[in-house]
Amino acid sequence: MLRLYEATLASRLLLGTARYPSPAVLTAAVRAARAEVVTVSLRRESGGERAGQGFWSLIRALGVRVLPNTAGCHSVKEAVTTAHMAREVFATPWIKLEVIGEEDTLQPDLFGLVEAAGILCAEGFEVFPYTTEDLVAAERLLAAGCRVLMPWGAPIGSGRGLNNLFGLSALRAHFPEVPLIIDAGLGVPSHAARALELGFDAVLINTAIAQARDPVQMAAAFAQAVAAGAAARAAGPIEPRDLAVPSTPVIGTAFRG
Amino acid sequence: MRIVVNGDWRETASAELCAVLEELGYGASIVTTAVNGEFVAAGARPVTRLAEGDRLEVLAPMQGG
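Below, the structure is looked at part by part. In this text the structure is predicted, and so the values were computed from the model without any measurement. (Residues numbered from 1 in each chain as written. Chains lettered and ligands numbered in written order. Predicted model: local features only at pLDDT ≥ 70, side-chain atom pairs only at ≥ 80, totals over all residues. Heavy atoms only, no water.)

### Looking at the nonpolar core
Residues and elements named next belong to chain A.
- Formed by 83 residues in total, the largest nonpolar core has its most connected members in Ile59, Leu97, Val127, Phe128, Ile181 and Val203.
- Counting residues per element, this core draws most heavily on helix H3 (residues 76-90), which supplies 8 residues.
- Excluding its chain neighbours within four sequence positions, the residues that come into contact with Val127 are Tyr5, Ile95, Leu97, Ala117, Leu120, Cys121, Cys146 and Val148. (Core = buried A, V, L, I, M, F, W, Y, C linked by side-chain atoms within 4.5 Å. Buried < 20%, exposed > 50% of the residue type's maximum accessible area, 1.4 Å probe, protein only. Helix = DSSP H or I, 4+ residues; strand = E, 2+ residues; numbered from the N terminus. Contact = heavy atoms within 4.5 Å.)

Here it is as structure tokens:
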């Protein structure tokens, strides 16, 4: 079971809700993924416009937990204000904290992230910081009160997988007790399986499923990969080695000696 | 009175935030508000008065990753 703050979850696949071809496909994908947590956001809505209201009704009908994000925020102030607004609308202390620092890679501003996390944790938020594999930033985020970390695999929407395997493995090794969710950059189910095999607790997927030719089928494929990766981790993978070891017993081999 | 709503200048008759939202057509919509970058909780809207040139943000749930 996956424990995130006070929640206990069976699914280790969290789903983003953006960029699906239709609301019906989004609904079917959430079900196929067997996701228990979906991310949501806030955007400007003009009077009389009903897009946000319809979307919120759809999400509530799914009966899943929501993890609101602060996507698009480039400063501590924006992120903190957006978190307050999200808490009111979505009625949850959870916040996926994003403070974007660089436009081309959407790389988090780790300095702003730590500052915003400190403010929000002190106010009772349960913060899920979107971070990198940086060990010092992770330490500061935990000291600020975060009890979950969400390191990137690769830049958001890039589909490149686990870009820095060494760095991510070091992060896992340094914080064995902290729930770590790979957020962003995964492209195919094998990336997710690899993350779980390495000991990461969960993955958050959006673009790789929403933009697949068949998002529902891809959601099911990711669910299988996550389950396989988690089972493999629990089963204890062998250590890689350089030389061959015969898997068939050599005693009694014919034609020898 | 002229205020900036979600980045656009708008003319409103009211100054009180609840009435402004009603006037702008939000009615019973689930929205959350900020004035000049500061969050204004739903409970504080009836006692929040806007001034000329204030920047009002009105946000609603939306898809997100």
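### As for the interface of chain A and chain B
- The interface of chain A with chain B comprises 30 residues on the first partner and 26 residues on the second.
- Across the chain A to chain B interface the summed buried area is about 2,400 Å²; carbon plus sulfur atoms make up 57%.
- Ranking the residues of chain A by area buried against chain B places A:Arg44, A:Met85 and A:Glu88 at the top, with a combined share of 27%.
- Applying the counting criterion to the chain A and chain B interface returns 3 salt bridges.
- One salt bridge connects B:Glu38 with A:Lys77, and the closest N-O pair in it is separated by 2.6 Å.
- Our enumeration of links across chain A and chain B arrives at 18 residue pairs in polar contact (both at pLDDT 80 or more).
- Secondary-structure elements contributing two or more residues to the side of chain A that touches chain B are strand S4 (37-44), helix H2 (51-62) and H3 of chain A.
- When residues of the side of chain A that touches chain B are assigned to their parent elements, the largest contribution, 7 residues, is made by H3(A).
- For S4(A) and strand S5 (residues 55-63) of chain B, the ladder comprises 5 bridges, and the chain directions are antiparallel. Note that in S5(B) the partner of A:Val40 across the bridge is B:Gln63. (Buried area = accessible area lost by both parts, 1.4 Å probe. Salt bridge = Lys/Arg side-chain N within 4 Å of Asp/Glu carboxyl O. Polar contact = N/O pair within 3.5 Å; in protein donor to acceptor, adjacent residues only side chain to side chain. Pairing = 2+ DSSP bridges.)

### Overview of unusual backbone geometry
- In this structure, A:Arg19 takes a positive phi of about 70° despite not being glycine.
- Inspection of the secondary structure puts A:Arg19 in the loop between strand S3 (13-16) and helix H1 (23-33).
- In this structure, B:Asn6 is a non-glycine residue whose phi angle is positive, near 50°.
- One can find B:Asn6 in the loop between strand S1 (2-5) and strand S2 (8-11).
- We classify B:Asn6 as buried; its relative accessible area is 12%.

### A short note on the sheet that holds strand S10 (residues 150-151) of chain A
Residue and element names in this part refer to chain A.
- Read across the open sheet, the 3 strands follow the order S6-S9-S10; overall the sheet is parallel. The outermost strands of the open sheet, each flanked by one partner alone, are strand S6 (94-97) and S10.
- Of the pairings in the sheet, the one linking S6 to strand S9 (residues 126-131) comprises 4 bridges and is parallel in character. Pairing of Ile95 across the sheet is with Val127, part of S9.
- Sheet strands touched by helix H4 (residues 110-122): S6 and S9. Its angle to S9, the strand with the most contacts, is close to 175°. (Axes fitted to C-alpha atoms, helices over the stretch in contact; angles between N-to-C directions.)

### Things to note about the packing of aromatic side chains
Residue and element names in this part refer to chain A.
- For the structure shown, the criterion picks out 3 aromatic pairs over all chains.
- With 5.0 Å between their ring centres and 85° between their planes, Trp56 and Phe90 make a pair best called edge-to-face. Here the residue Trp56 occupies a position in helix H2, and Phe90 occupies one in helix H3, the gap between them amounting to 34 residues. Here Trp56 matches Phe90 in class, with each residue buried.
- Centroid distance Trp94 to Phe128: 4.8 Å. Interplanar angle 55°. Geometry classified as tilted. Taken as a pair, Trp94 in strand S6 and Phe128 in strand S9 lie far apart in primary sequence, 34 residues in all.
- With a relative accessible area of 4%, Trp94 lands in the buried category.
- Phe128 sits in the buried class, given a relative accessible area of 0%.
- Grouped by ring-pair contacts, the aromatic residues Tyr5, Trp94 and Phe128 constitute a single cluster. (Phe/Tyr/Trp six-rings, centres within 6.5 Å; stacked < 30°, edge-to-face > 60°.)

Any functional reading would require information that these geometric values do not contain.
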